[in-house]
Structure formats: C-alpha cells, structure tokens
Amino acid sequence: MTFTLFGLKRCSTCVKAKKFLEAHGHEVEIIDVREQVPSADQLAEWADALGWDKLINKASQTWRQLDDAAKELSSDQERIALIQANPSVMKRPLLVYPEGFKLGFSEKTYQEFVA
C-alpha cells in the first residue's frame, strides 16, 4: 500500500513514521507542508475528520510565537488561513490513506494500524 505523509521533511517524528511504514513494506510519499502548502479543501477535509483542535498544534513553537490576535480563530476560513500562512502550526505527521487519516506518530498506534 502507498501512504502519503504530510509534515516536514526534517521533522524527526515524520522521519520516524516514514521509516516505520517503509520497514513494514509500504511505500511512503512525504509532502513537506512548507513547500507544498495544503489547499483549503484538503484542510477542511482533514478538519472534518479529525477536528481543528487536533489539526492545529497549540503546543508547537510556531503557535507560541503567534501574537494573541492571530490565535483568536472564530471561523474555518481563519483556521485555514492560519495553517496556510504558518504550515508548521499543523500537527504532524498527517498520514493519508484510502480509508482515512491518522494524526501524529506512535509506534504502538502504527503497529496496530499496519497489522
């Protein structure tokens, strides 16, 4: 099976997820969200499935560096604009596969997923 990982090429967690999947016989394409910013439609689809609270990483350094006004998000359009302007605020990696999405990486969760 081929998977798509949205994240950052140099993110250690994204690299671990990619290596884990490849070690289990899967092809993985990693898309760096800084180089190829997700479309509004992609972000809306991911948020519908996962929720904005999970998709936006409020523990990230990027989030902490935003001013308070930028953090006040009252609409989906504002959330989409925030991620598109600051792609590293998106939690990663985001694994996309035919049946859905997985956010973040833990070896245990991925082990159950590939089993």
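Up top is the structure.
Residues numbered from 1 in each chain as written. Predicted model: local features only at pLDDT ≥ 70, side-chain atom pairs only at ≥ 80, totals over all residues. Heavy atoms only, no water.

Considering all chains together, one arrives at seven aromatic pairs under this definition. Geometrically, the ring pair formed by Phe3 and Tyr97 is edge-to-face, given 6.4 Å between the ring centres and 70° between the ring planes. Note that Phe3 is positioned in strand E1 (residues 2-7) and Tyr97 in strand E3 (residues 94-97), a separation of 94 residues in sequence. By relative accessible area, which is 1% here, Phe3 ends up buried. (Phe/Tyr/Trp six-rings, centres within 6.5 Å; stacked < 30°, edge-to-face > 60°. Helix = DSSP H or I, 4+ residues; strand = E, 2+ residues; numbered from the N terminus. Buried < 20%, exposed > 50% of the residue type's maximum accessible area, 1.4 Å probe, protein only.)

All right, on to the environment of Lys54 then. Position of Lys54 relative to the elements: it lies in helix H3 (residues 52-55). In the structure, Lys54 is positioned 20 residues away from Ser74 in sequence and 16 Å away in space, judged by C-alpha atoms. Excluding residues that lie within four positions of it along the chain, Lys54 makes contacts with Lys91 and Leu103. (Contact = heavy atoms within 4.5 Å.)

One open sheet accounts for four strands, arranged E2-E1-E3-E4; its pairing is mixed. In this open sheet, the two edge strands, each paired with only one partner strand, are strand E2 (27-32) and strand E4 (100-103). Averaged over neighbouring strand pairs, the angle between their axes works out to 25° when direction is ignored. Of the pairings in the sheet, the one linking E3 to E4 comprises four bridges and is antiparallel in character. From the neighbouring strand, Tyr97 faces E4, where its bridge partner is Gly100. Helix H2 (residues 40-50) contacts E1, E3 and E4 of the sheet and is inclined by roughly 80° relative to E4. (Pairing = 2+ DSSP bridges. Axes fitted to C-alpha atoms, helices over the stretch in contact; angles between N-to-C directions.)

The subject of this paragraph is the pairing of E1. Burial of E1 is extensive: five of the six residues sit out of reach of the surface. The pairing of E1 with E2 spans six bridges and is parallel. Paired with Phe3 across the two strands is Val28, which belongs to E2. Traced from E1 through helix H1 (residues 12-23) to E2, the parallel crossover comes out right-handed. As judged from the three bridges shared by E1 and E3, these two strands associate in the antiparallel manner. Each bridged residue has a counterpart across the sheet, and for Thr4 the counterpart in E3 is Val96. (Right-handed = clockwise from strand over helix to strand, strands pointing away.)

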